[in-house]
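In case you want the letters, here they are:
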Amino acid sequence: MEKDVNGHIDDALLVITFLLGDAAFGISASHVQEVARIGDITPVHHASAEVVGIRNLRGRIVTVIDLRTRLSLGSVDSGPDNRILIVESMGEPVGLLVDCITDTISIQPGQLQAPPSNVPGYQGRNLLGVCYSGERLIALLDPATVLLPESTALRTMAGSEARQ
């Protein structure tokens with residue numbers, strides 16, 4: 001919590017918003033170490049479909065994950081607006097590939113609502129909440145949950161249960 005110039009405590013959450021296809025998502029800026037351009041990504045053979053590859057980012061090796069694939073929303077369309085959000089997972093930097101960054105917004109505590117209860121299991125577990133930015137609904141992701149190794153197994157199990 002920070003105090004403003006009048007000494008009032010500001011509980012606002014700073015959120016980086018981005019698109020995955022037509023869907024708008026956000027992630028707390030406190031989780032993002034930096035936003036990077038795509039650059040040179042080296043493919044990793046036999047890696048899961050969501051792993052785009054690895055990238056050397058100023059001496060740090062970063063695994064780049066296609067966030068759309070990770071969330072079962074297809075895959076990121078390659079383009080000049082693509083960005084990588086660098087976050088930390090299990091003590092290592094991980095890059096989340098997104099279609100484009102749209103904005104940085106400030107969310108007041110009362111603006112964030114619980115995710116809808118009818119959002120399917122795996123998808124719902126990845127959300128901290130939802131809020132509006134202008135007329136656009138933003139789904140706030142929980143990067144810790146999205147990047148859990150067992151999330152892939154849970155998603156695979158959920159998909160096979162749905163097909164039965």
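Up top is the structure these notes are about.
Draft legend 1. Structural view of the sheet that holds strand β12 (residues 136-141). Taken together, the five strands give an open sheet; going across it, the order is β10-β3-β4-β12-β11, and neighbouring strands pair in mixed fashion. Only two strands of the sheet have a single neighbouring strand rather than two, namely β10 (100-107) and β11 (127-133). Ignoring strand direction, the axes of neighbouring strands in this sheet form an average angle of 30°. In this structure, β11 lies alongside β12, joined through six bridges in antiparallel fashion. The partner of Y132 across the bridge, within β12, is L137.

Draft legend 2. Layout of the pattern of salt bridges. Going through the model one piece at a time under the given rule, you end up with five salt bridges. One salt bridge in this structure joins R68 and D77, with 3.6 Å as the shortest N-O distance. A salt bridge links D99 to R68; the nearest nitrogen and oxygen atoms lie 3.1 Å apart. Of this pair, D99 sits in the loop between β9 (92-98) and β10 while R68 sits in helix α1 (residues 67-70), placing them 31 residues apart in sequence.

Draft legend 3. Structural detail: the environment of L112. Assignment of secondary structure puts L112 in the loop between β10 and α2 (121-125). The class for L112 is partly exposed, based on a relative accessible area of 30%. In this structure the C-alpha to C-alpha distance between L112 and I138, which are 26 residues apart in sequence, comes to 9.6 Å. With sequence-adjacent residues up to four places away left out, L112 is seen in contact with I107, G129, V130, C131 and L140.

Draft legend 4. Fine view of a nonpolar patch on the surface. On the surface, V44, I54 and I61 cluster together to form a nonpolar patch covering roughly 230 Å² of accessible area. Looking at the element boundaries, I61 is found in strand β7 (residues 60-66). Here I61 falls in the exposed class, since its relative accessible area comes to 51%.

Parameters and conventions
- The residue numbers shown here count from 1 along each chain, following its written sequence.
- Given that the model is predicted, a residue must reach a pLDDT of at least 70 before its local features are reported, and side-chain atom pairs must reach 80 or more before they are shown or counted; all residues, however, enter totals for whole chains, interfaces and linings.
- To get the side-chain values, all heavy atoms of the structure are used, and hydrogens and water are removed first.
- In this analysis, strands are considered paired if DSSP registers two or more bridges between them.
- In this text, helices come from DSSP runs of H or I with a minimum length of four residues, and strands from runs of E with a minimum of two, each type numbered from the N-terminal end.
- To obtain an axis, a line is fitted to C-alpha atoms, over the contacting stretch when the element is a helix, and the angle between two such axes runs from 0 to 180 degrees between their N-to-C directions.
- A carboxyl oxygen of Asp or Glu within 4 Å of a side-chain nitrogen of Lys or Arg is what we treat as a salt bridge.
- Exposed residues in this analysis have more than 50% of their type's maximum accessible area, buried residues have under 20%, and partly exposed residues fall in between, with area computed by a 1.4 Å probe over protein chains only.
- We call two residues contacting when some pair of their heavy atoms lies within 4.5 Å.
- To count toward a patch, a residue needs a relative accessible area over 30% and no salt bridge; like charges are then connected within 9 Å, while nonpolar side chains (Val, Leu, Ile, Met, Phe, Trp, Tyr) are connected within 5 Å.
- In short, Shrake-Rupley with a 1.4 Å probe defines the accessible areas, and a residue's cover is counted only from the protein chains shown.

Spatial relationships are all this shows, so hold off on functional conclusions.
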